[in-house]
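# Examining the three-dimensional arrangement
Residues per chain are reported as follows:
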Amino acid sequence: TTTTTTDSTTTNSTRRTQSERKVGGMSKKLLIIIMTSCAVGLVLLKWATKPSSSSPSSPSGGYCYSADKSVDISSWSDRNIPKDAIGAKYITPTKLEELRKSDKIPTLESGVPKIIHQTWPNWKIEESSPEYKQWSSSWGACHPDWLHVLWDDCDIRKLFQIHLPEFLEVFDNYPNPVQRADIFRCLVGKVYGGAYVDMDYECTGGIDGPTGLNPPASSQCKVFVVSSPDPEHDGVLQNAFMASVPQHPYWDEVFKLAVERRTTLNGRIFGEIPIHNTGPGLVSDAYLRLPEGDVKAAVCGLNATEFSGQALGIAPYAVHRNAGSWCACRFPAINFICWNKCRGKMKKYIPSMYRDLTRHKKKVESGEKLSPEDQVTWNLYSHLWQGYYDKYGEFEDA
């Protein structure tokens, strides 16, 4: 009996020891996991709160490159651009500033300066794809007498340092360069005026006509933003093509709203879709919340079917080729999640013109009379309906 009791005690003791070792081993593993997670979390937090804007060293008090720097783009276009035309080359913001100070910037009758502003991360755009070079140089072909200014990341940040330094903290904390490119176009429109166009925008016929940036003298329009092809997705305006007279007060409202929608820590870690805080949602909502009056009346939407054409890839004056590089997904481990959000937005896209034409078509086929305004739309664009249907198919109309 004594032997049996001793063996049982020894067995129980051994089991307790083994159990304690397992618990101890698990505790150590758990502790290691917790400590590793904390370390990773601290690294992420430090990384996420560090300003993401990085620019090459630049001279104090001015822009980053000399007035002599330029790039000849006349050979990039399959359309003729006279080599001696001012629109045959990119110039620097430094050169633009010199011309402004000497009052040598040509201007339309509407007051919009004849300037095309575009942005690229650096001045190595000659190494970019043939498509981007073709689209960008098309503006020189359409408007050889317009200045064509290239802004890179360094000069964009200098623009804020010089003209809106109080916004730099917001600017530096955007998690993705596309957001800084978004907000840049608003400031360049305020400071210099002219037209900003995305690099994936192609000029097909010109933007300085009476339905574009040079309306009749009776018009109140001073800020021109292309109307959104799909307001349910973007808002009423789209920021891929915007033009303005300098110093228009609409831009003050845009920056006021941009401060309210500044990036949060969550956005810096997990990424964010910039439509709302820097993109078309920002310029749309800034417009919508303006009180009725002269400022709001001066902000005019350009016809998307004529000045965007991204829904079908055709338009008489300008076409947005929509390369789709706007997702602000920063941290590689979760880019997939953020990109899925963007793709989800894209999947829902049905052009508003297609929606309108479909509604008008149903009424016409049923013998119902269209309103005078809808009849004008149907007369002008009904020939596009089949193209929309072939590309987007049927959709559920709310």
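Above this text you will find the structure in question.
As a starting point, this report considers the structure included with it.

Criteria and cut-off values
Each chain has its residues counted from 1, following the order in which its sequence is written. Since the coordinates come from a predicted model, pLDDT governs what is reported: local features require at least 70, and pairs of side-chain atoms require 80 or more to be given and counted, while whole-chain, interface and lining totals use all residues. Heavy atoms throughout the structure, all of them, feed into the side-chain values; hydrogens and water do not. Numbering goes from the N terminus for both helices and strands, where a helix is a DSSP run of H or I of at least four residues and a strand is a run of E of at least two. To sort residues, take the accessible area from a 1.4 Å probe on protein chains only and compare it with the maximum for the residue type: under 20% means buried, over 50% means exposed, and anything in between is partly exposed. Here is the rule: rings of Phe, Tyr and Trp (six-membered ring for Trp) pair when centre to centre is within 6.5 Å. Planes less than 30 degrees apart are stacked, more than 60 are edge-to-face, and the remainder are tilted. When checking whether two residues touch, look at their non-hydrogen atoms; a contact exists if any pair is within 4.5 Å. Any two cysteine sulfur atoms lying within 2.5 Å of each other are counted as a disulfide. We call a set of buried residues a nonpolar core when its members are Ala, Val, Leu, Ile, Met, Phe, Trp, Tyr or Cys and they connect through side-chain atoms within 4.5 Å of each other. Any pair of nitrogen or oxygen atoms within 3.5 Å is treated as a polar contact; in protein, a donor-acceptor pairing is required on top of that, and neighbouring residues in sequence qualify only through side-chain atoms on both sides. The term salt bridge refers to a side-chain nitrogen of Lys or Arg lying within 4 Å of a carboxyl oxygen of Asp or Glu.

## Section: unusual backbone geometry
Unlike most non-glycine residues, D103 shows phi in positive territory, near 55°. The topology assignment puts D103 in the loop between α2 (93–101) and β3 (115–119). One non-glycine residue, Q247, adopts positive backbone phi at about 60°. The topology assignment puts Q247 in the loop between β8 (237–244) and α8 (250–260). When its relative accessible area of 47% is taken as the criterion, Q247 is described as partly exposed.

## Details of the packing of aromatic side chains
By the definition in use, this model includes 18 aromatic pairs. An angle of 85° between the planes, with centres 5.2 Å apart, marks the rings of F167 and F255 as edge-to-face. You can see F167 sitting in the loop between α4 (153–163) and α5 (168–172) and its partner F255 sitting in helix α8, a full 88 residues away along the chain. Judged by relative accessible area, F167 falls into the buried class, the value being 3%. Arranged with centres 6.5 Å apart and planes meeting at 45°, the rings of F241 and F307 form a pair that is tilted.

## What about the side chain of E253?
Note that E253 resides in helix α8. Among the residues examined, E253 registers a relative accessible area of 17% and is labelled buried. In contact with E253, not counting residues within four places along its chain, are A286, R289 and L290.

## As for α4
Restricting attention to buried positions, one finds in α4 the residues C154, D155, I156, R157, K158, L159 and F160. Buried-residue contacts for α4 involve α2, β3, β4 (147–151), α5, α6 (177–191) and α8.

## Points about the state of the cysteines
With the rule as written, the count across this model stands at 3 disulfides. The residue that forms a disulfide with C142 is C203, at a sulfur-sulfur distance of 2.3 Å. The sign of the -115° torsion about the S-S bond sets the C142-C203 disulfide as left-handed. Of this pair, C142 sits in helix α3 (residues 130–142) while C203 sits in strand β6 (residues 201–203), placing them 61 residues apart in sequence. Classification of C203 by relative accessible area gives buried; the value is 0%. In this model, C221 is linked to C300 through a disulfide, with the two sulfur atoms separated by 2.0 Å. In this structure, the disulfide formed by C221 and C300 twists by about -90° around the S-S bond and is classed as left-handed.

## Quick word on the nonpolar core
Taken as a class, soluble globular proteins show a tendency for nonpolar side chains to be buried jointly. Within the largest apolar cluster, 41 residues are counted, with the highest numbers of intra-cluster contacts made by W151, F160, F167, I183 and Y250. In this view, F160 contacts P165, F167, L168, F171, I183, F184, L187 and F255; residues no more than four positions away in its chain are not counted. Membership of the second largest hydrophobic core comes to 23 residues, among which are I116, W146, A195 and V226.

## Observations regarding the environment of T204
Position of T204 among the secondary structure elements: in the loop between β6 and β7 (223–227). Along the chain, T204 and S138 lie 66 residues apart, while their C-alpha atoms are 7.5 Å from each other. Not counting residues within four places of it along the chain, the set of residues in contact with T204 comprises R79, C142, A315, P316, Y317, A318 and V319. A polar contact is formed between the side chain of T204 and the backbone oxygen of A315, at a distance of 2.9 Å. Of the polar contacts made by the side chain of T204, one reaches the backbone oxygen of P316; its length is 3.3 Å.

## Focus on the pattern of salt bridges
The tally for this structure, following the rule as stated, stands at 16 salt bridges. D72 is the salt-bridge partner of K83, the closest N and O atoms lying 2.8 Å from each other. Taken as a pair, K83 in the loop between β1 (70–72) and β2 (89–91) and D72 in strand β1 lie far apart in primary sequence, 11 residues in all. Between R185 and D182 there is a salt bridge; the shortest N-O distance is 3.4 Å. Taken together, the positions of R185 and D182, both in helix α6 and 3 residues apart, correspond to about one turn of that helix. Comparing R185 with D182, the two get one shared label, buried. One connected set of salt bridges, linked through shared partners, spans E97, R100 and K101.

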